[in-house]
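Given next are the chains, with one letter for each unit.
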Amino acid sequence: MEEIQSQSDLYRSSSSSASSPTNRVPSSHFFYVRKPGSLTQPISFEDSPEWEDSPADVRMDEEANIGGGGDSINDATATPISPSLSKINSGSMTSPPVPEGGAGNVVRKIAGASIAWKDLTVTMKGKRRYSDKVLKSSNGYALPGTMTVIMGPAKSGKSTLLRALAGRLTPSAKMYGDGYAERKTQLIGSLTVREFLYYSSLLQLPGFLCQKRSVVEDAIQAMSLSDYANKLIGGGHCYMKGLRSGERRRVSIARELVMRPHILFIDEPLYHLDSVSTLLMMVTLKKLASIGCTLVFTIYQSSTEVFGLFDRICLLSNGNTLFFGETLACLQDDNGDFSAVNMDTAVAIRTLEATYKSSADAASVETMIFKLTEREGSQLKSKGKAGAATRVAVLTWKSLLVMSREWKYYWLRLILYLILTLFIGTLYSGLGHSLSSVATRVAAVFVFVSFASLLGIAGIPSLLKEIKIYRSEASNQHSGAFVFILGQFLGSIPFLFLISISSSLVFYFMVGLRDDFGLLMYFVLNFFMCLLVNEGLMLSIACVWRDVYWSTLTLISVHVIMMLAAGHFRIRNALPKPLWTYPFAYISFHTYSIQGLLENEYIGEVFAVGEVRSISGYEAIGGYYQIAADANSKWRNMLVLLAMAFGYRLIVYVLLRFGLNKNVSGRLLLCHRKNNS
């Protein structure tokens, strides 16, 4: 604690000079936003934290950055000192020292960027009772190597301003004036901190692994995560003990540092943190600013120790700017002295609203914005991203790693499949190979395929989590729909094959099907294809709804309809033509799986009828299930299942490519207005 306090004192003592340089050259990295969406570079941004499963598990706050950056920092643009600070001798103050990354290694500099906004107004219908204006004519700027904080009470417009600057406003919001653009972070709880950062770097950055290793270690050092580098992140739906909320929040920021951003936006970084975690977080962010990054974030309230670490502050109330300038300036009275103000809060807010716009501080801000916007700097350049093959390999590796660790969604499903198969096997055991057992065997195969497919619905939460991670990567422009689908498909193959071979072996031998290795292998492959189709169906419905309840309800309904049309309760050629035959019987994957398994079992089989007569297996099963007499028909059914597996993933691709990336809710997919990518 003493070490944390000493670091905060060091940074607080130099914050004024860091924010008010007197003799510096304009930066070549200036970013001035003219309209929403005008910036082509990706920006990472997420909402303030929320509770997910328990009060101990806080969802990570979402950060934002503008991609790119270099290894050296340009000097900040010359900043005129606020008139309220004219009595302070800032010339004697020095810039904060660059913190060391440990073992004598100095953390590499980041090339920061300046940002300014002028007359920024945001309106949202129904957001406020008396006015649609959530943010009113806001002016401000942020410079490299500084921390600019947006502070105010609840519903004052803090997050709206941050979202407006980062281009993350909702479709119903309208922005006027000059302001700027977006990106998102989602933690993966079943990975360690170092694995997660390696995953992010491999997915985002081009180059060799040795180069990315140094970037990851720099991010770990910068966010003071060395003691937690090999610990699981945990949280969310991981059901594993992991890091605490403050540490997970630092991991979330470290993930963005892998890209060495010019500007980093954070919404409520101190949300639900205790005093020690709050101070540690602010010291870490101050250290990050000292290596050149431009930080803009929101907070609800601040302690004295934390407040002294800020460089500039933007005070908001009911969408109005009460003050923007150096932190020390907002603590002074008219004579430039630091003193307490004995005034009712409502009166103080009205007084500031009435006097700030005509004050010398507001004029100083406008002068600075004019100087910043007088000459635009060079365009921020992206560092590029890893190739498609690399990203597919990384996503496959991540999926395999997550499956091997998240026992509740994967290993527990495997156990449930085995238990279900054991129950079905014991129910239909000892049938024998007589003609009288044909009807019961048909029922056994139907029950096995139908109920095993229905049990797959237990994987919906894990698929929704995969989609959530994809949305994060897609908003960062680090992953595409095709890369995600291919990586998820390849990653799921080992797990689904493990389920298929274990369940098939138990069922096959307990029921007593034909003793032939080739027939056994076809049974395993057929059930494996059935699971692939079912996984694609679940993924497509999860993409539409993105909600556990509605996805589960829809899947159960679809499975029941497919089971009814599969040809067991009534032979297919006897089904009513409209609706049940066309299209239900033909789109039901149960039909092709069950038909293939029965053809595998009965084509080529002969049953004796009395002492002199015999019938083929095709004739014996004809009254119970419709199959083809052709020995190759079972392979055609296998090809149909394979086509359906790819077909459902094609539907997923369309939904992700043209629906999900547009921020369109599944229930309103056809009627909601599309946004620009």
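Owing to the predicted nature of the structure, the values given are computational and were not obtained by experimental measurement.

The rules behind these values
- Residues numbered from 1 in each chain as written.
- Predicted model: local features only at pLDDT ≥ 70, side-chain atom pairs only at ≥ 80, totals over all residues.
- Heavy atoms only, no water.
- Helix = DSSP H or I, 4+ residues; strand = E, 2+ residues; numbered from the N terminus.
- Buried < 20%, exposed > 50% of the residue type's maximum accessible area, 1.4 Å probe, protein only.
- Contact = heavy atoms within 4.5 Å.
- Areas by Shrake-Rupley, 256 points an atom, 1.4 Å probe, with all protein chains shown as cover.
- UniProt positions renumbered as here; feature names shortened; annotations may be inferred.
- Lys, Arg positive; Asp, Glu negative; His and termini not counted.
- Salt bridge = Lys/Arg side-chain N within 4 Å of Asp/Glu carboxyl O.
- Expected span 1.5 Å × (residues − 1).
- Axes fitted to C-alpha atoms, helices over the stretch in contact; angles between N-to-C directions.
- Left-handed = near helix turned anticlockwise from the far one by under 90°.
- pLDDT = per-residue confidence, 0-100.
- Pairing = 2+ DSSP bridges.

Asks: So what about the overall build of the protein? Which residues, and what values?
Replies: The helix and strand inventory of the protein stands at 21 helices and 14 strands. Within the protein, the fraction of its 677 residues that count as buried is 54%. Nonlocal contacts in the protein, meaning residues at least 24 apart in sequence, comprise 77% of its contacts between residues at least 6 apart. Put simply, the protein shows about 28800 Å² of open surface, and 58% of that area lies on carbon and sulfur atoms.

Asks: Got a sec to walk through the UniProt feature "transmembrane region" (unreviewed entry) in the protein? Specific residues and values, please.
Replies: In the numbering adopted here, UniProt assigns the feature "transmembrane region" (unreviewed entry) to residues 410-430, 442-460, 481-511, 517-537, 549-571 and 638-660. In residues 410-430, the share of helix is 86% and the share of strand is 0%. The end C-alpha atoms are 32 Å apart.

Asks: Can you explain the side chain of Glu-605? Please cite residues and give values.
Replies: If you trace the backbone, Glu-605 turns up in the loop between helix H19 (589-602) and strand S13 (606-609). Here Glu-605 is buried and forms no salt bridge, its nearest opposite-charge partner Arg-514 lying at an N-O distance of 4.2 Å.

Asks: I'd like a rundown of helix H7 (residues 275-290), residues and numbers included.
Replies: In a regular helix each residue adds 1.5 Å, so 16 residues correspond to 22 Å; H7 covers 22 Å between its end C-alpha atoms and thus fits that length. With respect to burial, H7 is a largely interior element, 12 of its 16 residues being buried. Gly-292 sits one or two positions beyond H7 and adopts a positive phi of about 115°.

Asks: Which residues make up the packing of helix H14 (residues 460-475) against helix H15 (residues 481-511), and what are the values?
Replies: Two elements in contact, H14 and H15, have axes whose closest approach is 11 Å; the angle formed by their N-to-C orientations is 145°. Seen from above, H14 lies across H15 with right-handed handedness. On H15, the residues that touch Leu-463, Glu-466, Ile-467 and Tyr-470 of H14 are Ala-481, Phe-484 and Gln-488.

Asks: Which residues make up the pattern of salt bridges, and what values do they have?
Replies: Taken as a whole and assessed by the stated rule, the structure comprises 6 salt bridges. Arg-413 is the partner of Glu-535 in a salt bridge, and the nearest nitrogen-oxygen pair spans 4.0 Å. On the criterion of sequence distance, the pair formed by Glu-535 in helix H16 (residues 517-545) and Arg-413 in helix H12 (residues 407-427) is long-range, its members being 122 residues apart. Here Arg-441 and Glu-601 are joined by a salt bridge, their closest N and O atoms 3.7 Å apart. In this pair, Arg-441 is assigned in helix H13 (residues 438-455) and Glu-601 in helix H19, connecting sequence segments 160 residues apart. Among the residues examined, Glu-601 registers a relative accessible area of 6% and is labelled buried.

Asks: Got a sec to walk through the confidence of the model for the protein? Specific residues and values, please.
Replies: Do not read the fine detail of predicted coordinates wherever pLDDT is low. On average, residues of the protein carry a pLDDT of 75, and 69% of them reach 70 or more. Low pLDDT, under 50, characterises residues 84-106; the stretch is placed with 47 contacts to residues that sit more than four places away or in other chains. The low-confidence segment residues 661-677 (pLDDT under 50) makes 25 contacts with residues lying over four places distant or belonging to another chain.

Asks: Report on the pairing of strand S9 (residues 312-317), specifying residues and quantitative values.
Replies: Look at any regular strand and the pattern is simple: side chains alternate between the two faces of the sheet. Within S9, 5 of the 6 residues are buried, which leaves it mostly tucked inside the rest of the structure. As judged from the 4 bridges shared by strand S5 (residues 147-151) and S9, these two strands associate in the parallel manner. Directly across from Val-149, in S9, lies its bridge partner Ile-313. Strand direction decides the pairing type here: S9 and strand S10 (residues 320-326), joined by 6 bridges, are antiparallel.

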